[in-house]
Amino acid sequence: MLSDAVEPVQDLMPDVKWDQYIAGARAYYETSGGKLFAQPYNSSTLLFYANKTELEKAGIMQTPTTWEEVIEAARKLKAAGHACPFVTDGDTWRVLEQFSARHGLPIATKHNGYDGLDAEYAINATFAAKHLANLVEWRNEGLVRLAADTKAGNYTAAFNAGECAMMEQSSGSYTAAAKAFDGKYELAVNMAPMYRGYERHNTFVGGASIYVMKGHDKAEIDAAKAFLDFLRRPEQQMFFTANTGYVPVTTDVLDAIAKSGEANSPKYATAKLGVESMNQPATADTRGIRLGFYVQFREVFMEETQKAFAGQQTMQAALDNTKKRGDQLLRRFEQTYKGKKLP
Amino acid sequence: MSSESSLFSHRWLPLLLAAPLMLLIVLFFYVPVFQAFYWSFFLEQPFGGGSEFVGFQNFARVLSDPEFWMAGWRTIVFMLTASSLAVIVPLMLAIAADRKIALSIPARNILVWPKGIAGASIGVVFAFIFNPFVGLMAPLNTLVPGLWNPGIDGTDAFITLVAAHVWSGIPFNFVILLAGLRSIPHTMHQAAAMDGAGPWRRIFDVQLPLIMPQLFLTFVLEFTESITSVFALIDTITGGGPGGSTTLLVYKIYVDGFRGFDLSGASTQTAILMVFVLLLAACQFVFLGRRINYER
């Protein structure tokens, strides 16, 4: 954004009805001033997946919607001899970003960096720190497993194979899970669980979006525009959603799905849930994340929290370290782009 | 030597013949090296657009970063353990294959084959061999649950990495050492045996001193190679984890530079690593190389 290499799509095509984009997908790719910077494409968000068959075997009839219920279900599963009630890979996107967003918690000051490059990480002092510490405890109790604890070695594979009963994963994973479960288990999908007493906010959009680069001649730009128009068409988005589990990004597609007569078909199961999850009430802290060297921050987070899961340090110490190292990244980013302002 | 060089009477022909390779070396080695040193004094914007001269600030940052020292320490531990084993194991195999024991002739062939396998493929295979549920160590886990899990325990992951590296180092070092052993005149063995030296005595007093040049070569190559070639293994087996326990310097540079877009930091670490490797090789030549007798 700071390299001035991108032509914001909203500037390029002012006539498109950009307000049709669902809020959670829009905010993430907006400039600080609220203009759409890139066109969302393969959008996903975090959902909760459960193996209904295994849950019912352990006497759980309702798919859990809160963390309290998830853990209660996990205890019952464990009591019924299940080796892997809930599985996660501890990935930053799942356990920190999406958790913070839907609980309305900031990841960093300055509204996650939207309001300036001088933001600082806040993750070690929000409720997210408590949740992450809970994950460590639950793992020690045998309720939560990490990807490396599973036979499959990969948490999605572990869930899809029936080894683990519950997971949080991208909506983009739905088709694979449904196919793997076909005829063996019943799949239940829900919005990602909340802690009791917290109001639900929107989850972030995941996946990718399409940027139009500057410095091309008119013919190329026209072709790019035509391509973006094509991708935005409801029938294209429906085709994409039905075949991948990615979520449609404009409201007219939801209407088109409702009218298609297949609204309850499993191929659109994640569309409704995903959009609902991203359309929950937003706050200034749930717009998205705009923090420099963020990819490196994710590496730092993974490294430090893995040490906590392995018992080498407490989760609080891990998060304190993550904040410290993350802030160093932010300060260096600020210096690298000295004098520049986010668009 | 002068008689050999006079074979090329044409003045420019030798240079011309060497030019393609020189060009490749300049393009893919000296230019990047220069670029790394250059960038280590700048704060470089990840996607172009500008940079700022910051003097030694990058060096100060890297050298005061505990993660850098941890990665450096791991690199040294790996270098000492993995490289030593990667010479000692092939040495034992070579000594065995040199003797007239059963199957030594086919072993001389078979042990060379892994040379043809890329590091990344070795990594994929070893990740499977050391898998806690289906691999070699799985029986251990049945006895003591959770005893072996490279995905959680950093030490286990490190051991896996060392094992894979040693295995991948066997063919080359085996060939060099075996060649050295085979070139020892048979009469020396006979003379030693006549004097009453048993097989062990002959290994330590005849064979090892006579293959010192080969041992030195393998050690120098191993020590410098292990620092960089381990990349493929780390990337395929552990990804640097768990908790950074297998993030050696070379992998940290890759992660910082290509995944985290910290071009300046990665360049600075590259510069430091390069100086370290050069110093290391220089030390080996100065302190060990001189003592080696190449005459027979």
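It should be emphasised that the depicted structure is a prediction, and the values quoted were computed from it without experimental measurement.

Student: Mind showing me how you'd approach the overall build of chain A here?
Tutor: Secondary structure summary: chain A contains 15 helices and 9 strands in total. Here the C-alpha radius of gyration of chain A, 21 Å, is about what a compact globule of 343 residues would show, namely 20 Å. Expressed as lengths along the three principal axes of its C-alpha atoms, the size of chain A is roughly 65 × 50 × 35 Å. When the 343 residues of chain A are sorted by exposure, 49% land in the buried category. Across chain A, the fraction of contacts at a sequence separation of at least 24, relative to all contacts at a separation of at least 6, is 74%.

Student: Is there a simple way to explain the interface of chain B and chain A in this structure?
Tutor: Where interface size is quoted, it is often the accessible area lost as the parts come together. Listed as interface residues are 23 residues of chain B and, on the opposing side, 20 residues of chain A. Broken down by class, the residue content of the side of chain B that touches chain A amounts to 7 nonpolar, 11 polar and 5 charged.

Student: So what exactly am I meant to see when it comes to the confidence of the model for chain B here?
Tutor: Do not read the predicted coordinates in detail wherever pLDDT is low. Residue and element names in this part refer to chain B. Here chain B shows a mean pLDDT of 86. Residues at 70 or above account for 96%. The element-level mean pLDDT for chain B is lowest in helix H1 (residues 2-5), coming to 48, with helix H4 (residues 66-98) highest at 92. In the predicted complex, the global pTM is 0.86; the interface-specific ipTM is 0.78.

Student: Explain helix H12 (residues 251-259) of chain A to me, please; I cannot follow it from the model alone.
Tutor: Side chains three or four residues apart in an α-helix point the same way, a direct result of the helix having 3.6 residues per turn. Residue and element names in this part refer to chain A. Among all positions of H12, only Val253, Leu254 and Ile257 are buried. Taken down its axis, H12 places every buried residue within 105° of arc, on the same side. In H12, the exposed positions angled more than 90 degrees off the buried face are occupied by Asp255, Ala258 and Lys259. Buried positions along H12 lie against helix H11 (234-244) and helix H13 (269-278).

Student: What am I meant to see in the sheet that holds strand E6 (residues 166-170) of chain A here?
Tutor: Within a sheet, neighbouring strands are paired by backbone hydrogen bonds and run either parallel or antiparallel to one another. All names here are of chain A. Strand order in this open sheet of 5 strands is E5-E4-E6-E3-E7, and the pairing throughout is mixed. Each of the sheet's edge strands pairs with one partner strand only, and the pair in question is strand E5 (144-146) and strand E7 (187-191). The sheet shows a mean angle of 30° between the axes of neighbouring strands, taken without regard to direction. For strand E3 (residues 46-51) and E7, the ladder comprises 5 bridges, and the chain directions are antiparallel. Along E7, the bridge assignment pairs Asn51 with Leu187.

Student: Can you help me understand the pairing of E6(A) in this one?
Tutor: Sheet faces and side chains relate simply in a regular strand, where the side chains alternate between the two faces. Residues and elements named next belong to chain A. In terms of burial, E6 is largely enclosed, as 5 of its 5 residues are buried. Bridge count between E3 and E6: 5 bridges; the pairing is antiparallel. Its bridge partner lying in E6, Leu46 is registered against Ser170. Relative to E6, strand E4 (residues 86-88) runs parallel, the two sharing 2 bridges. Residue pairing in the sheet places Phe86 in a bridge with Met166 of E6.

What counts, and at which threshold
- Residues numbered from 1 in each chain as written.
- Chains lettered and ligands numbered in written order.
- Predicted model: local features only at pLDDT ≥ 70, side-chain atom pairs only at ≥ 80, totals over all residues.
- Helix = DSSP H or I, 4+ residues; strand = E, 2+ residues; numbered from the N terminus.
- Rg over C-alpha atoms; globule rule 2.2 N^0.38 Å.
- Buried ≥ 20, exposed ≤ 12 C-beta atoms within 10 Å, placed from the backbone.
- Contact = placed C-beta atoms within 7 Å.
- Nonpolar A, V, L, I, M, F, W, Y, C, P; charged D, E, K, R; others polar.
- pLDDT = per-residue confidence, 0-100.
- Arc of directions from axis to C-beta.
- Pairing = 2+ DSSP bridges.
- Axes fitted to C-alpha atoms, helices over the stretch in contact; angles between N-to-C directions.

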